[in-house]
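# Summary of structural features
As a plain string of letters, each chain reads:
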Amino acid sequence: MHYLVLSILFSSFIFVVFKLYVRFKVQTLYAIITNYVVACTVGLLFYGEQVDVAALPEKSWFWGALALGVLFILVFNIMAATAQKLGVSVASVATKMSFVVPVLLGVRLYDESLNTVKVLGICIAVVAVYLSSMKQTAERFSLSMLRYPFLVFLGSGIIDAAIKYFQEEHVPEAEFALFSALLFFFAGTTGLLFILVKAGKTPIRANPRNVIGGIALGIPNFFSIYFLLLALDHGSLPSASIFTVNNVGIVLLSTLLGILLFQEPLSKKNWMGIALAVVSIILVV
């Protein structure tokens, strides 16, 4: 359970870092690439053993890590498009509600049993995430534009489900840090190629704020994935419960941090979502 708590803490800190980017005028794209380099480096240091680069492709999870790294960047860009076209709140809700995908797959593929109380908790969690994430917005969107949040929802859910699959079938606990490091390496490489293609339109300037911002993001980013893998491997809770508590916990903690650190205003719906989030965690756990 403590691994799950640590994953929630580090994941929530990521949102705080993104919020500070605006205050300190950090160039987000550059910082994100730096973040992947830092996360990969932390993973290799945390792994602590000699890495035989030539032997890496022989590991059963290697190509999966590559595919996940590419998917990280694709989903990130779709999230950005969703936020720009439909508003930040729509992108946020689509991302956070994606925990439904690994929950359903966990029940279907790994025969995880969910009693009535847990099912009720998961249903309440969906409502809690929606209410907690929604912000006042004047944005309107047509039915055809729903493909953007749907792709965010599906992509984020596939990433979580894939992490569970590789933890269950391919990655031993001793290689969690190495797997995470390679995942971030491939994400960073793909992102760098993407940035180079767009460099003509969005010039990237290296400065200390961007580098510091990348370091501040990369460390919690690595540990959010690493401790999630440990939580899934620990076996004290089924993956359906872990993904539900993880996502709802991140919503709850990041919302509270937003209030405490940035004086973010909350609507009655947001407060209702927070209350339901607490109830859902109690029921699921």
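Read on for a plain summary of the structure. Everything numeric here is computed off the predicted structure, so don't read it as measured data.

### A look at the overall build of the protein
From N to C terminus, the protein includes 11 helices and zero strands. Element order for the protein, N to C, with α for helix and β for strand: α-α-α-α-α-α-α-α-α-α-α. A total of 285 residues make up the protein; the buried ones form 47% of that total. Across the protein, the fraction of contacts at a sequence separation of at least 24, relative to all contacts at a separation of at least 6, is 90%. Here the protein has roughly 14,200 Å² of accessible surface; of this, 69% comes from carbon and sulfur atoms.

### Thoughts on the environment of Ser11
With respect to the element layout, Ser11 can be found in helix α1 (residues 2-23). By relative accessible area, Ser11 is classed as buried at 9%. Between the C-alpha atom of Ser11 and that of Leu253, which follows or precedes it by 242 residues, the distance is 9.4 Å. Among residues more than four places away in sequence, those in contact with Ser11 are Ser224 and Ile250.

### Points about the packing of aromatic side chains
Scanning the model with the defined rule gives 20 aromatic pairs in all. Judged by centre distance (5.8 Å) and plane angle (40°), the rings of Phe166 and Phe179 are tilted. Separated by 13 residues along the polypeptide, Phe166 in helix α7 (residues 147-169) and Phe179 in helix α8 (residues 176-198) bring together distant segments of the chain. Assigned by exposure class, Phe166 and Phe179 land together as buried. Measuring from centroid to centroid gives 5.5 Å for Phe185 and Phe186, while their planes differ by 65°, and the two rings are edge-to-face.

### Considering the pattern of salt bridges
Inspection of every chain in the model, using the stated rule, returns two salt bridges. Glu175 is the partner of Lys59 in a salt bridge, and the nearest nitrogen-oxygen pair spans 2.8 Å. With Lys59 in the loop between α2 (28-47) and α3 (62-86) and Glu175 in the loop between α7 and α8, the pair connects residues that are 116 residues apart, well separated along the chain. With a relative accessible area of 14%, Glu175 lands in the buried category.

### Regarding α2
With 20 residues, α2 extends 28 Å between its outermost C-alpha atoms, agreeing within 8% with the 28 Å of an ideal straight helix rising 1.5 Å per residue. Those residues of α2 that sit buried are Ala31, Ile32, Ile33, Thr34, Asn35, Tyr36, Val38, Ala39, Cys40, Val42, Gly43 and Tyr47. Two residues or fewer after α2 comes Gly48, characterised by a positive phi angle close to 75°.

### Overview of the packing of helix α5 (residues 100-109) against helix α10 (residues 239-262)
A pair of packed helices can be characterised by two numbers: the angle between their axes and the separation between those axes. Where α5 meets α10, the closest approach of the two axes is 8 Å, and the angle between their N-to-C directions is 170°. Taken together, α5 and α10 sit at an angle that is classed as roughly antiparallel. Here Pro102, Val103 and Gly106 of α5 come into contact with α10, specifically with Ser239, Ala240, Phe243 and Thr244. The residue makeup of the contact of α5 with α10, split by class, is four nonpolar, three polar and no charged.

### Notes on helix α9 (residues 208-234)
Residues spaced three or four apart along an α-helix face the same direction, because each turn holds 3.6 residues. With 27 residues, α9 extends 39 Å from end C-alpha to end C-alpha; this agrees with the ideal 39 Å at 1.5 Å per step. A distance of 3.0 Å separates the backbone nitrogen of Arg209 from a side-chain oxygen at the start of α9, and that oxygen is part of Asn207. Where α9 ends, the next residue or the one after it, Gly235, has phi of about 85°, a positive value.

The rules behind each value
Residues numbered from 1 in each chain as written. Predicted model: local features only at pLDDT ≥ 70, side-chain atom pairs only at ≥ 80, totals over all residues. Heavy atoms only, no water. Helix = DSSP H or I, 4+ residues; strand = E, 2+ residues; numbered from the N terminus. Buried < 20%, exposed > 50% of the residue type's maximum accessible area, 1.4 Å probe, protein only. Contact = heavy atoms within 4.5 Å. Areas by Shrake-Rupley, 256 points an atom, 1.4 Å probe, with all protein chains shown as cover. Phe/Tyr/Trp six-rings, centres within 6.5 Å; stacked < 30°, edge-to-face > 60°. Salt bridge = Lys/Arg side-chain N within 4 Å of Asp/Glu carboxyl O. Expected span 1.5 Å × (residues − 1). Axes fitted to C-alpha atoms, helices over the stretch in contact; angles between N-to-C directions. Parallel < 35°, antiparallel > 145°, perpendicular 65-115°, else oblique. Nonpolar A, V, L, I, M, F, W, Y, C, P; charged D, E, K, R; others polar. Polar contact = N/O pair within 3.5 Å; in protein donor to acceptor, adjacent residues only side chain to side chain.

Shape is all these values report; function is a separate question.
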